[in-house]
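Listed below, chain by chain, are the residues.
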Amino acid sequence: MLLFKKDLIEEGQLENGPTESVYKAENKELCGQFRDTAKYYKKTGITISSFGIENQSVTDYDMPIRIMGYDYSSYRSQIDAGKNRYPVITVMLNFSDKRWTGPLHLKDMFEIPEGMKDFVKDYEITVFDIAFLSDEIINKFKSTFKHVAHFFKYRRFPDEYQPLNEKIEHLEAFLDLLEVFTGDNKYAEIKDELLSRQKEGDEVTMCSIVEKFTNDGIKQGIEQDRKQIILNMHKKGCDAVTISDLSGISFEVVNEVLGQNFSDDK
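Residue numbers restart at each chain and count upward from 1, following the sequence in its written direction. Under the rules for a predicted model, residues below a pLDDT of 70 receive no local features and side-chain atom pairs below 80 are neither given nor counted, while totals for whole chains, interfaces and linings still include all residues. Values shown for side chains rest on all heavy atoms present in the structure; no hydrogens or waters enter the calculation.

1. A look at the packing of aromatic side chains
To pair, rings of Phe, Tyr and Trp, with the six-membered ring standing in for Trp, must have centres within 6.5 Å; the planes then decide the type, stacked if under 30 degrees apart, edge-to-face if over 60, and tilted in the middle. Scanning the entire structure with this criterion turns up six aromatic pairs. With a centroid separation of 6.4 Å and an interplanar angle of 90°, the aromatic rings of Phe151 and Tyr187 are classed as edge-to-face. One end of the pair, Phe151, is in helix α3 (residues 145-154); the other, Tyr187, is in helix α5 (residues 186-199), with 36 residues separating them in the sequence. Both residues of the pair, Phe151 and Tyr187, count as buried. Three or more aromatic residues joined by ring pairs make a cluster, and in this case those are Phe95, Phe151, Phe152, Phe181 and Tyr187. Above the plane of the ring of Phe132 lies Arg156, whose end atom (NZ or CZ) is 3.9 Å from the centre. Comment: elements are numbered from the N terminus, with helices defined as DSSP H or I runs of at least four residues and strands as E runs of at least two. Relative accessible area decides the class of each residue, using a 1.4 Å probe on protein chains only: under 20% of the type maximum gives buried, over 50% gives exposed, and in between gives partly exposed. Ring-over charges, as used throughout, are those where CZ of Arg or NZ of Lys falls within 6 Å of the ring centre and within 35 degrees of the ring normal.

2. A word on the nonpolar core
In this text, buried Ala, Val, Leu, Ile, Met, Phe, Trp, Tyr and Cys residues form a nonpolar core when linked through side-chain atoms within 4.5 Å. By size, the foremost hydrophobic cluster in this structure holds 27 residues, and its most contacted members are Phe95, Ile130, Phe145, Phe152, Phe174 and Ile209. Elements with a contribution of two residues or more to this core: β6 (88-94), α3, α4 (171-182), α5 and α6 (206-235). Element by element, the count of residues in this core is highest for α3, at six residues. Contact definition: two residues touch when any of their heavy atoms are within 4.5 Å. With sequence-adjacent residues up to four places away left out, Phe174 is seen in contact with Thr144, His147, Val148, Ile168, Met206 and Ile209.

3. Comments concerning the packing of α3 against α4
Lines fitted to C-alpha atoms define the axes here, with helix axes fitted over just the stretch in contact, and angles between the N-to-C directions of these axes take values from 0 to 180 degrees. One way to put it is that α3 packs onto α4 with a least axis distance of 11 Å and a crossing angle of 30°. Classified by the interaxial angle, the pair formed by α3 and α4 is roughly parallel. Handedness of the α3/α4 crossing: right-handed. For the pair formed by α3 and α4, the contact residues are His147, Val148, Phe151 and Phe152 on the first element and Phe174, Leu177, Leu178, Phe181 and Thr182 on the second. Classification convention: Asp, Glu, Lys, Arg as charged; Ala, Val, Leu, Ile, Met, Phe, Trp, Tyr, Cys, Pro as nonpolar; all other residues, Gly among them, as polar. Considering only residue class, the contact of α3 with α4 consists of seven nonpolar, two polar and no charged. Angle categories are assigned with fixed cut-offs, so that under 35 degrees is roughly parallel, over 145 is roughly antiparallel, 65 to 115 is roughly perpendicular, and the rest are oblique. In this scheme the crossing of two helices becomes right-handed for a clockwise turn of the near helix relative to the far one and left-handed for an anticlockwise turn of less than a right angle.

4. Some remarks on the packing of α4 against α5
It is the contact of α4 with α5, at a shortest axis distance of 10 Å, that shows an interaxial angle of 170°. Comparing their axes, α5 and α4 come out roughly antiparallel. Residues Leu171, Glu172, Leu175, Asp176, Leu178, Glu179 and Thr182 of α4 pack against Tyr187, Ala188, Lys191, Leu194, Leu195 and Gln198 of α5. Counted by class, the contact of α4 with α5 contains seven nonpolar, two polar and four charged residues.

5. With respect to the pattern of salt bridges
For this document, the term salt bridge refers to a Lys or Arg side-chain nitrogen within 4 Å of an Asp or Glu carboxyl oxygen. Evaluated as defined, the whole model comprises nine salt bridges. The salt bridge involving Asp129 is made with Arg99; its shortest N-O contact spans 3.9 Å. Taken together, the residues Asp129 in strand β7 (residues 126-129) and Arg99 in the loop between β6 and β7 connect sequence positions 30 residues apart. The exposure class of Asp129 is buried, given its relative accessible area of 15%. With a closest N to O distance of 3.9 Å, Lys191 and Glu172 form a salt bridge. Placement of the pair is Lys191 in helix α5 and Glu172 in helix α4, with a sequence separation of 19 residues.

Structure follows, in structure tokens:
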């Protein structure tokens, strides 16, 4: 996701880093804090830099302080380890359908009295509004994040949405992310089936996911229509056998629908 020069950093040079750090609060108590994602960038076994990624779907006006705390903890661990020092880079990904409106600078969080501003040290954060990235930028992504960015951008323009017909490499993580940041559990409901298809050799794409939703929607519509037919005929005095004979719906399904309806009425 980091928008650096092409091929500056290769995926194989990134290693997972710790997402938890501990700091001492003003009352001297030790408190834990958690990054969303942390990576070490290494060459020939030497850490060159550390990357942190924070994901947001709502505006948090304390983000400059939070990110400053994460970065300080990373620098503090370097001091404690007594080894080489390296820069810490943290970016925040905004998955909202609105641009980030929170402060980008520490100084933006305060009303600083006249004459004190020059003495208050600033801290700037880097935010990417994923839903507002250009197609040119989105198409440069090589990983699953291309699907993520494309989805969140065109969620703002549903009439223009054309799902990408490209294989989703990290399917489970992709579906988990969509579930979390859309609040829609349908991604969890279809996950097992899509993962099974992928394991069997199918290339699951966003087209596959949209097709699955469409087919499930049609199936749900048919079931709703069938249920309504059964209930309408029952209201006219038809028993289960008659409903089954006249509608062509199996007796077992008719009984199941009528049984569920009676249970709901109680």
